[in-house]
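Given next are the chains, with one letter for each unit.
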There are 4 protein chains.
Amino acid sequence: MPKQPDPARRSERSRQAILEAARELISEVGYARLTIEAIAARAGVGKQTIYRWWPSKGAVVFDSFLALSESGQDRSMALPDTGDIEADLKVVMRATVAEFADPVFEAPIRALNTEIINDPALAAQYREKLGDPVDEAKKARLRSAQRAGQIAADADLDLALEVLYAPLYQRWLHRSGPLTAEYADALVDLTLKALRP
Amino acid sequence: MPKQPDPARRSERSRQAILEAARELISEVGYARLTIEAIAARAGVGKQTIYRWWPSKGAVVFDSFLALSESGQDRSMALPDTGDIEADLKVVMRATVAEFADPVFEAPIRALNTEIINDPALAAQYREKLGDPVDEAKKARLRSAQRAGQIAADADLDLALEVLYAPLYQRWLHRSGPLTAEYADALVDLTLKALRP
Amino acid sequence: MPKQPDPARRSERSRQAILEAARELISEVGYARLTIEAIAARAGVGKQTIYRWWPSKGAVVFDSFLALSESGQDRSMALPDTGDIEADLKVVMRATVAEFADPVFEAPIRALNTEIINDPALAAQYREKLGDPVDEAKKARLRSAQRAGQIAADADLDLALEVLYAPLYQRWLHRSGPLTAEYADALVDLTLKALRP
Amino acid sequence: MPKQPDPARRSERSRQAILEAARELISEVGYARLTIEAIAARAGVGKQTIYRWWPSKGAVVFDSFLALSESGQDRSMALPDTGDIEADLKVVMRATVAEFADPVFEAPIRALNTEIINDPALAAQYREKLGDPVDEAKKARLRSAQRAGQIAADADLDLALEVLYAPLYQRWLHRSGPLTAEYADALVDLTLKALRP
DNA sequence: CGTTAACCGAGACGGTACGTCCGGTCTTTTG
DNA sequence: CAAAAGACCGGACGTACCGTCTCGGTTAACG
């Protein structure tokens, strides 16, 4: 039986230092040139301490994101609901476009995606911890629109979310076109037209 | 001035062996564990021969795909046109879904995407050599539908393509849902509803 | 003031287990691959318990020998004295040769010597605890021979001991020749000739 | 079949740098704290270059000695022969004593001995390359003394050498007594008395 | 006879070095 | 003169131990 480390004895100080070092280094050198050794050195931590608690470099990177988003927002991810689904969605989509366009997030988010694409376990973890809750918030707003008769009652909301967000995601991933407010609006318009009762 | 290799003297035998070795190894060990050394050894080639003609591992992988798709299909990428845009698109989308679901293509396509995501130069090359021609063929079919009055004359066809394909691509990339014929049909239905005149 | 451990509270059970584990592991893996961690694990003891009571790996190994020889023999190290110095010495030397040739003692004795060669403090401890008493017993027998007129009265007995034992020791250490009864006899003959009155 | 490195392609520059770095570091930090990494760094060499050509740290250290002694002396290791074996031996033994007492040689020679004691392969190599030639030179001088009637014709010269040198060697190894000119003389006197015709 | 100080097992920690692998360059030999 | 072969420097990998440092849990002397 391969001995498991005892979580109760885990050093919180080291954990924080590692996650922070990982975040900094991804911004500085990008994911491809990120090394465990550099993380350990920057964090003032032995390499073994990283290997003890994370199975792979990707897992560290993932956790560093998770920690960031958990601290940054207080779980208040509910979308605005003014009663006007079109206006509300455009606000949210424009914000998303702006976030993707922000060069500060460029390297880290690409790193995260590279990991998720190639590691099903991380992908599952990502959905559970980040993707699903966010999606649920969005679906809640769409359901509200359904009740208001702005969206067909039998619309597939999962599909609706994909149609809204996937084109934006793909453009960013492939750099295949500009990410502008107009683009965000166009996606909302097209999607709402498709979802019309 | 760093001497440039003379393409005229390039060994076609070596080039083919390298690309084939790269393809085989990606299937066997995946992209992350693919090494230049292994490619050289498998191809019976010196490492320098690879470095002389390709700038990066990603470029070799990319070329190995390019060679495959160039040989496999004889540039006949025109889509079927029976006059029924809905039926034609569903045929094409179902075929795309089937291709993505084929485990044989799993590793290589994921490898290609990993490269493209992180290397803008490769992404541009990809669009030029593979993406744009394919998109153009699809847009030709959509224009035909516009002329037939099945699609709004002022529809943004680039956006239409994104709405059609990006959700499928995202599902596959993130493994966030099943890729079925029903899903393909639902995407076509939703898109066509949004594009209706 | 760095707190000193209190010998009165020392766990005899742990001490024994550590020394025994050290002995076993030296036989099994040799001195070079002996580790404190392995000793602690084998003995069912925390590493700190070893570091608390011994300053170095060599000290543990040394103590494990000391404990062995202290228990094995009851301090009756007096040499035989039949009145015939040649016969008596040959008996002793042949026994020594046999002991060195015993493969069971090979690894441990080599380990002990490696330590002693490189650590003056251990060397001094060795001489005090093991070497000097044994030498004294041998010199006692030589003095008896002097009184019997078999050895020159002014012979340097320390030198005599070295001439008797060092060649044997060197052969064993360097594996530079066979360790046989004949060799033992030859050393005794040569030494006695040199010591003749 | 594990590929063997090709000696013809070996870099002489690297070999020299490694051996010199090893020699310097042994003097500076001693054998126990000598690391392959430090040798590589000091020599400006990749670690693999060391592992490619030497099987162990001990082998590098050994070779660094070998190179030293091969360059230092031009194979002219013949002993003086004035016709007076006692005088000649005392000159040689006093020189040996002086060499052992020289603190500059302390660390390296102890390092060499530690290796040889624990590695039979190195011990054999040592005898072949260094020990046997030196011994042969000494035995040549003793044979000359035999022809001159100063030593018994049937004396065992191998044993004679051991009796001469092993006590000195043991004293140095165990630090069990002073290494002085008087001690050298005493050993010669005792040995010659034992070898007398 | 409870308090309490020390030892104890366990094992996480910051480190150092290991021996291996591979990247990218350089050199030598072969076709 | 390109290509194969492969040695080279560099540097990251993941592992093994080092010696130190908490942790709870005994355990034994003392008050």
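Residues numbered from 1 in each chain as written. Chains lettered and ligands numbered in written order. Predicted model: local features only at pLDDT ≥ 70, side-chain atom pairs only at ≥ 80, totals over all residues. Heavy atoms only, no water.

(A) Highlighting the overall build of chain A. The helix and strand inventory of chain A stands at nine helices and zero strands. Each principal axis of the C-alpha atoms in chain A carries an extent, and together these give about 60 × 35 × 30 Å. A buried classification covers 46% of the 197 residues belonging to chain A. When contacts within chain A are restricted to residue pairs at least 6 apart in sequence, long-range pairs at least 24 apart make up 65% of them. Here chain A displays about 10,100 Å² of accessible surface, and carbon together with sulfur accounts for 53% of that area. (Helix = DSSP H or I, 4+ residues; strand = E, 2+ residues; numbered from the N terminus. Buried < 20%, exposed > 50% of the residue type's maximum accessible area, 1.4 Å probe, protein only. Contact = heavy atoms within 4.5 Å. Areas by Shrake-Rupley, 256 points an atom, 1.4 Å probe, with all protein chains shown as cover.)

(B) Region of interest: the protein's contact with DNA strand F. Lining the immediate environment of DNA strand F, one finds 38 residues, of which A:Tyr51, C:Lys47, C:Gln48, D:Thr49 and D:Trp53 sit closest. Protein-adjacent atoms of DNA strand F, using a 4 Å cutoff, are sugar or phosphate at a proportion of 67%. In this structure, a base oxygen belonging to DNA strand F sits 2.6 Å away from a side-chain N or O atom of C:Lys47. Among the secondary structure elements, those contributing two or more residues to the surface near DNA strand F are helix H2 (36-43) and helix H3 (47-53) of chain A, helix H3 (47-53) of chain B, helix H2 (36-43) and helix H3 (47-53) of chain C together with helix H3 (47-53) of chain D. Ranked by residues supplied to the surface near DNA strand F, first place goes to H3(D) with four residues. (Near = heavy atom within 4 Å. Polar contact = N/O pair within 3.5 Å; in protein donor to acceptor, adjacent residues only side chain to side chain.)

(C) Quick look at the interface of chain D and chain C. Listed per partner, the contact involves 30 residues of chain D and 30 residues of chain C. Interface area for chain D against chain C, summed over the two sides, is near 3,000 Å², with a carbon-plus-sulfur share of 62%. Its largest share of buried area at the contact with chain C, chain D owes to D:Ile117, D:Glu162 and D:His174, together 20% of the area lost on that side. Counting every contact that joins chain D to chain C gives two salt bridges. (Buried area = accessible area lost by both parts, 1.4 Å probe. Salt bridge = Lys/Arg side-chain N within 4 Å of Asp/Glu carboxyl O.)

(D) Layout of the protein's contact with DNA strand E. Around DNA strand E, the structure places 41 residues, and the nearest of them are A:Trp53, B:Lys47, B:Gln48, C:Ser11 and D:Tyr51. Within the side chain of A:Arg52, a nitrogen or oxygen atom sits 3.0 Å from a phosphate oxygen of DNA strand E. For the surface near DNA strand E, the secondary structure elements donating two or more residues are H3 of chain A, helix H2 (36-43) and H3 of chain B, H3 of chain C together with helix H2 (36-43) and H3 of chain D. In terms of residue class, the surface near DNA strand E is made up of 10 nonpolar, 14 polar and 17 charged. (Nonpolar A, V, L, I, M, F, W, Y, C, P; charged D, E, K, R; others polar.)

(E) Representation of unusual backbone geometry. Non-glycine residue B:Arg175 carries a positive phi angle of around 50°. Assessed through its relative accessible area of 29%, B:Arg175 is described here as partly exposed.

(F) The domain arrangement of chain A, seen in detail. Residues and elements named next belong to chain A. With domains assigned, chain A is organised as domain 1 (7-71) and domain 2 (76-195). Once you take the C-alpha centre of each, domain 1 and domain 2 turn out to be 28 Å apart. Facing the 10 residues of domain 1 at the interface are 12 residues of domain 2. Buried area between domain 1 and domain 2, both sides added, is near 1,000 Å², and the carbon and sulfur share of it is 80%. Sorting the residues of domain 1 by area buried against domain 2 places Tyr31, Phe62 and Phe65 first, and these three jointly supply 54% of that buried surface. Counting every contact that joins domain 1 to domain 2 gives zero salt bridges. If you look at where domain 1 meets domain 2, you find one residue pair in polar contact (both at pLDDT 80 or more). Residue assignment for the side of domain 1 that touches domain 2 shows that the elements contributing at least two residues are helix H1 (12-29) and helix H4 (57-72). No other element matches the seven residues that H4 contributes to the side of domain 1 that touches domain 2. For the side of domain 1 that touches domain 2, the per-class residue count stands at six nonpolar, three polar and one charged. (Domains from an automatic or database assignment.)

(G) Fine view of the relation of the copies chain D and chain C. Superposition record for chain D on chain C: RMSD 0.3 Å, screw rotation 179°, translation along axis 0.0 Å. The transformation relating the two chain copies, once decomposed into turn and shift, fits a two-fold axis. Looking at the rotation axis and the C-alpha trace of chain D, the residue lying nearest is D:Ala194, at 2.2 Å. A share of 100% of the interface residues of chain D reappears at the interface of chain C, consistent with the copies meeting face to face through the same patch. (Least-squares fit on C-alpha atoms with pLDDT ≥ 70 in both.)

(H) Representation of the UniProt feature "DNA-binding region" (unreviewed entry) in chain A. Mapped onto the present numbering, the UniProt feature "DNA-binding region" (unreviewed entry) falls on residues 35-54 of chain A. The span residues 35-54 of chain A is 75% helical and 0% strand by assignment, and the distance between its end C-alpha atoms comes to 14 Å. (UniProt positions renumbered as here; feature names shortened; annotations may be inferred.)

(I) Layout of the packing of helix H5 (residues 85-101) of chain D against helix H7 (residues 120-147) of chain D. All names here are of chain D. In contact at an axis separation of 11 Å, H5 and H7 are set at 165° when each is read in the N-to-C sense. Accordingly, the angle class assigned to the pair H5 and H7 is roughly antiparallel. Here H5 runs over H7; the crossing is left-handed. Residue-level contacts link Ile85, Asp88 and Leu89 of H5 to Arg141, Leu142 and Ala145 of H7. Of the residues contributing to the contact of H5 with H7, the split by class is four nonpolar, no polar and two charged. (Axes fitted to C-alpha atoms, helices over the stretch in contact; angles between N-to-C directions. Parallel < 35°, antiparallel > 145°, perpendicular 65-115°, else oblique. Left-handed = near helix turned anticlockwise from the far one by under 90°.)

(J) Structural context of the arrangement of the chains. Chain A makes no contact with chain D; the smallest distance between any of their C-alpha atoms is 16 Å. With no contact between them, chain B and chain D keep their nearest C-alpha atoms 13 Å apart.

(K) Structural detail: helix H1 (residues 12-29) of chain C. Residues and elements named next belong to chain C. Spanning 18 residues, H1 covers 26 Å between terminal C-alpha atoms, matching the ideal 26 Å at 1.5 Å per step. Regarding H1, the residues found buried are Ser14, Ile18, Leu19, Ala21, Ala22, Leu25 and Ile26. Along the axis of H1, the buried positions cluster into a sector of 160°, meaning they face one direction only. Among the exposed residues of H1, those oriented more than 90 degrees off its buried face are Arg13 and Glu28. Phi for Gly30, located one or two positions after H1, is positive at around 85°. (Expected span 1.5 Å × (residues − 1). Arc of directions from axis to C-beta.)

(L) Structural view of the pattern of salt bridges. Summed over all chains, the structure comprises 58 salt bridges over all chains. The residue B:Asp81 makes a salt bridge to B:Arg141 at a minimum N-O spacing of 3.2 Å. Of this pair, B:Asp81 sits in the loop between helix H4 (57-72) and helix H5 (85-101) while B:Arg141 sits in helix H7 (residues 120-147), placing them 60 residues apart in sequence. Overall, B:Asp81 belongs to the partly exposed group, its relative accessible area being 44%. For B:Arg141, a relative accessible area of 4% corresponds to the buried category. One salt bridge in this structure joins C:Glu12 and C:Arg15, with 2.8 Å as the shortest N-O distance. Taken together, the residues C:Glu12 and C:Arg15, both in helix H1 and three residues apart, mark about one turn of the helix.

(M) Geometry of the side chain of B:Gln146. Residues and elements named next belong to chain B. One can find Gln146 in helix H7. Within the local environment of Gln146, its side chain forms a polar contact with the backbone oxygen of Ala153, the two atoms lying 3.1 Å apart. In contact with Gln146, other than residues within four places in its own chain, are Ile151, Ala152, Ala153, Asp154, Ala155 and Leu157.

(N) How the structure looks around the environment of A:Leu122. Residue and element names in this part refer to chain A. In this structure, Leu122 sits in helix H7 (residues 120-147). Taking the C-alpha atoms as reference points, Leu122 and Val91, 31 residues apart in sequence, are found 30 Å from one another. Apart from the residues lying within four places of it in its own chain, the contact partners of Leu122 are Gly58, Ala59, Phe62, Glu115 and Ile116.

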